[in-house]
Each structure stands twice: as structure tokens, then as C-alpha cells.
Amino acid sequence: MYRVILILLLAAFATLTVGASETDIALPEVDPLDYPVGEIITAGSSTVFPLSERMAERWTDEGGVAPSIASIGSGAGFERFCVEGETDISNASRAIKDSERESCLAIGRDAIEFRVGTDALAVTVSAANDFVSGVSLEELAMIFSSAETWSDVRAEWPAEAIQRFIPGTDSGTFDYFVEEVFDEDEEPILSANPQLSEDDNVLVQGISGSPYAIGFFGYAYYVENQDALKILSIDGIEANAETTDDGSYKLARPLYIYSDAGIMAEKPQVAAFISFYLSNVNDEVTDVGYFPASASALNAAKGAFRDAMMDM
């Protein structure tokens, strides 16, 4: 049955207008009821996890098989996808590295990138913190490295020890923060002896537990816990849809899922789920707590998927 469905899906792609403008790209409609069995295995970024979880719930609610989703960090997700070959889709809050792509090719997988949204990395403190509402990038670097107390950063802040809670080193969020704040040198932040966890909910608990704590994670975790947390502006810019889209918020970043044409050919339910994801993600992404990818970025993802299907 799956082979027949895949042939029909490919036929639908063949009828798409090749000359359509980017703003007209639309994928063939997928009915999850046509895919009631067959595993869909995903793993990776804890940041992308809430969005993929929402898309999986919608897919399942409409009759599809429930995808398996593991929140293990972008790096660990690529390990499972490109080295162990155990997953069908890899969630990532950063682009795949050249070394990871080479690992994929070594096991016969050519990773295809699909942009699914935009995150504003949220730097947060406890709602009980009454002395900081924003920091500069330079102050942020001090807070997460050389400063021992808050007063080391600004004299008017309390002479209380800074308590740091950050994602683990397998996390794409960690990689992105180090790249943007420390120019890819992770030694300063790790030398500051922060509390690390791959579980963003653990970070939320740590940050909200003290007025002198600070940490960072994906924007969705701030939205989910904003009664207990306060998000900081960066260089005077607050995170919102406009500032993430135009790049003025310095810690905005793309969100991705990755798969492979061979996987999609072998497992039509995976191809259908990705098509469903790309076609419906903008209905869910804001409610989850992130921001939509630009129209051109989402169309590029749809185009990459269409090209992969046409090459089968």
C-alpha cells in the first residue's frame, strides 16, 4: 500500500508548475489517515522539540502513526542520524557541520536541510530579579565567564554570586551562544563552572529558583514559563517577530529538521510527515513560542523537499 501511496505522491509533484514563483510553492496535500502504521523516528535539538512535538501531535490527531521524538541536543541528534543511522529525521537548532555531513555520506545518507522556523535565544533571569532588565553583548560575555558577582558587571548591581544555568555541550543552543558571544571559544563559559543540562526544564527550575541566577534556552521555554522568568533585552533590543526577522535581535537563529531522500523513498510515511510538517508549520509555530521562518526560507525548504521527491 505504501508503495502505491508514494507513487501517487510523486505523481502529484510531477503536476506542479515548474515555472511558479517562490511565493507560489505549495506541496501536495497529505492525508495522515493514509499512514496509520510505519515508524517515524526523530531526535535532536531540545529547542526544536516543542515544535516537532506539536507537529507530531497534529499528525497523530489526524490519523497518522505517532512519531517518536527524542530531545537529546542537536549534536547528539546528528550523531544518531549521521553515524548510527538510527533516526529518520534530525531536529537541529544549528546548521549541520561539514564533519557531520561527511559522516552522513559515509553511511549512504545525504542530509537535506529544511528550515521550519526562527528562534530568539532567550537570556532569562528569575521573575524575582529586580535589578536587571537588559544587558549588552559585552556584559553578557562577562556574566557567563570572568565576572564572579553581579557587581563585577555593573557597580550598582548586588555583590552576589552569579548562578549560571546553561544547556549541555551537545546542544545546538550551547554552540550558537558560544559562537555569537564568545567567537566560537567555549573555554571561557565552561571555565565559569556553570550548571549544565540537556533538559531545558531543569534550566528553567534553576533560573527561577534564585534572583541571582541567569541562563539561556529557546524562546518557547521562556513563553511556557514567563510567569516565573524575565527575559532580558540584548543591546537594548527586545526579542519579537519583527526583531528576529530583521536580525536586529542579536541572538535570533534558524530552526531546522534534516532527512535524506533515500529514507523518504524507503519510508513513505516519513516523506509524508515532512511534507505535512512544512505545509502546516506556520499554523503552529507562533503558538508553540517561536517565530515563522521568512517566506523565502520556508519556500526554499519546500523546494528542497520537492526536488528530493522528484529525484526518487
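Residues numbered from 1 in each chain as written. Predicted model: local features only at pLDDT ≥ 70, side-chain atom pairs only at ≥ 80, totals over all residues. Heavy atoms only, no water.

Peer 1: With reference to specific residues and values, describe helix α2 (residues 49–61).
Peer 2: Given a rise of 1.5 Å per residue, 13 residues ought to cover 18 Å, and the 18 Å separating the end C-alpha atoms of α2 matches this to within 8%. Within α2 the residues assigned to the buried category are Phe49, Pro50, Leu51, Ser52, Met55, Ala56 and Trp59. Buried residues along α2 sit against β2 (68–71), β3 (89–92), β4 (112–120), α9 (219–224), β12 (252–259) and α12 (268–288). Count one or two residues on from α2 and you reach Gly63, which has phi positive near 110°. (Helix = DSSP H or I, 4+ residues; strand = E, 2+ residues; numbered from the N terminus. Expected span 1.5 Å × (residues − 1). Buried < 20%, exposed > 50% of the residue type's maximum accessible area, 1.4 Å probe, protein only. Contact = heavy atoms within 4.5 Å.)

Peer 1: Lay out the state of the cysteines in plain terms, naming residues and giving numbers.
Peer 2: Within this structure, the stated rule accounts for one disulfide. Disulfide pairing is shown between Cys82 and Cys104; the S-S distance is 2.0 Å. The chirality of the disulfide connecting Cys82 with Cys104 is left-handed, given an S-S dihedral of about -65°. Taken together, the positions of Cys82 in helix α3 (residues 74–83) and Cys104 in helix α4 (residues 98–106) put the pair 22 residues apart, joining distant regions of the chain. Taken individually, Cys82 and Cys104 each receive the classification buried, so the pair is uniform in this respect. (Disulfide = S-S within 2.5 Å.)

Peer 1: I'd like a rundown of the sheet that holds strand β5 (residues 122–126), residues and numbers included.
Peer 2: Within the open sheet, the five strands sit side by side as β8-β7-β9-β5-β10. Their pairing is mixed. Two strands close off the open sheet at either side, each with one partner strand: β8 (195–197) and β10 (229–231). Put simply, the sheet's adjacent strands are angled 25° from each other on average, direction ignored. As defined by bridge partners, strand β7 (residues 163–167) adjoins strand β9 (residues 213–217) across three bridges and the pair is classed as parallel. The residue bridging Arg164 from the neighbouring strand is Ile214, located in β9. Packed onto the sheet, helix α6 (residues 172–182) meets β5, β7 and β9 and runs at close to 105° relative to β9. Along the sheet face, helix α8 (residues 200–208) touches β5, β7, β8, β9 and β10 and points at about 155° away from the line of β9. (Pairing = 2+ DSSP bridges. Axes fitted to C-alpha atoms, helices over the stretch in contact; angles between N-to-C directions.)

Peer 1: Outline the sheet that holds strand β1 (residues 41–44), listing residues and values.
Peer 2: The five strands lie next to each other as β2-β1-β3-β12-β4, forming an open sheet whose pairing is mixed. The open sheet is flanked by β2 and β4, the only strands paired with a single partner. For this sheet, the mean inter-axis angle between neighbouring strands, taken without regard to orientation, is 20°. Direction of pairing for β4 relative to β12: antiparallel, over a ladder of eight bridges. For Arg115, the partnering residue across the bridge sits in β12 and is Tyr256.

Peer 1: Describe the side chain of Glu284, with residues and values.
Peer 2: Looking at the element boundaries, Glu284 is found in helix α12. Among the residues examined, Glu284 registers a relative accessible area of 13% and is labelled buried. Polar side-chain contacts of Glu284 include one of 3.0 Å to the side chain of Arg54. (Polar contact = N/O pair within 3.5 Å; in protein donor to acceptor, adjacent residues only side chain to side chain.)

Peer 1: Can you explain the pattern of salt bridges? Please cite residues and give values.
Peer 2: Tallied over the entire structure, the rule returns 14 salt bridges. We note a salt bridge from Arg253 to Asp119, for which the minimum N-O separation is 2.8 Å. One end of the pair, Arg253, is in strand β12; the other, Asp119, is in strand β4, and 134 residues separate them in sequence. On the basis of relative accessibility, which here comes to 1%, the residue Arg253 falls in the buried class. Overlapping salt bridges bring together Arg54, Arg58, Glu62, Asp283, Glu284 and Asp287 as one network. (Salt bridge = Lys/Arg side-chain N within 4 Å of Asp/Glu carboxyl O.)

Peer 1: Requested: an account of the packing of α2 against α12, with residues and values cited.
Peer 2: Two numbers describe how α2 lies on α12: the axes approach to 8 Å, and their chain directions differ by 115°. Two packed elements cross with a definite hand, and for α2 against α12 that hand is right-handed. Every residue of α12 that contacts α2 at Pro50, Leu51, Ser52, Arg54, Met55, Ala56, Arg58 and Trp59 is listed here: Gln269, Ala272, Phe273, Phe276, Tyr277, Asn280, Val281, Asp283, Glu284, Val285, Asp287 and Val288. Taken together, the residues that form the contact of α2 with α12 break down as 12 nonpolar, three polar and five charged. (Left-handed = near helix turned anticlockwise from the far one by under 90°. Nonpolar A, V, L, I, M, F, W, Y, C, P; charged D, E, K, R; others polar.)

Peer 1: Lay out the nonpolar core in plain terms, naming residues and giving numbers.
Peer 2: Within the largest apolar cluster, 90 residues are counted, with the highest numbers of intra-cluster contacts made by Val123, Phe144 and Phe177. It is α12 that provides the largest number of residues to this core, a total of 11 residues. Those residues in contact with Val123 that lie beyond four places of it in its chain are Leu140, Phe177, Ile214, Gly215, Phe216, Lys230, Ile231, Leu232, Ile234, Tyr249 and Leu251. (Core = buried A, V, L, I, M, F, W, Y, C linked by side-chain atoms within 4.5 Å.)

Peer 1: Before we move on, can you summarise the packing of aromatic side chains with the specific residues and values?
Peer 2: Inspection of the entire model under this criterion finds 18 aromatic pairs. Aromatic side chains Tyr219 and Phe291 sit 5.1 Å apart centroid to centroid with 45° between the ring planes, which places their arrangement in the tilted category. Placement of the pair is Tyr219 in helix α9 and Phe291 in the loop between α12 and α13 (295–310), with a sequence separation of 72 residues. The burial state of Tyr219 is the same as that of Phe291; both residues are buried. By way of ring pairs, the aromatic residues Tyr35, Trp59, Phe273, Phe276 and Tyr277 are connected into one cluster. In this arrangement the basic side chain of Arg109 is found over the ring face of Phe81, its NZ or CZ atom lying 4.9 Å from the centre. (Phe/Tyr/Trp six-rings, centres within 6.5 Å; stacked < 30°, edge-to-face > 60°. Lys NZ or Arg CZ within 6 Å of the ring centre and 35° of its normal.)

Any functional reading would require information that these geometric values do not contain.
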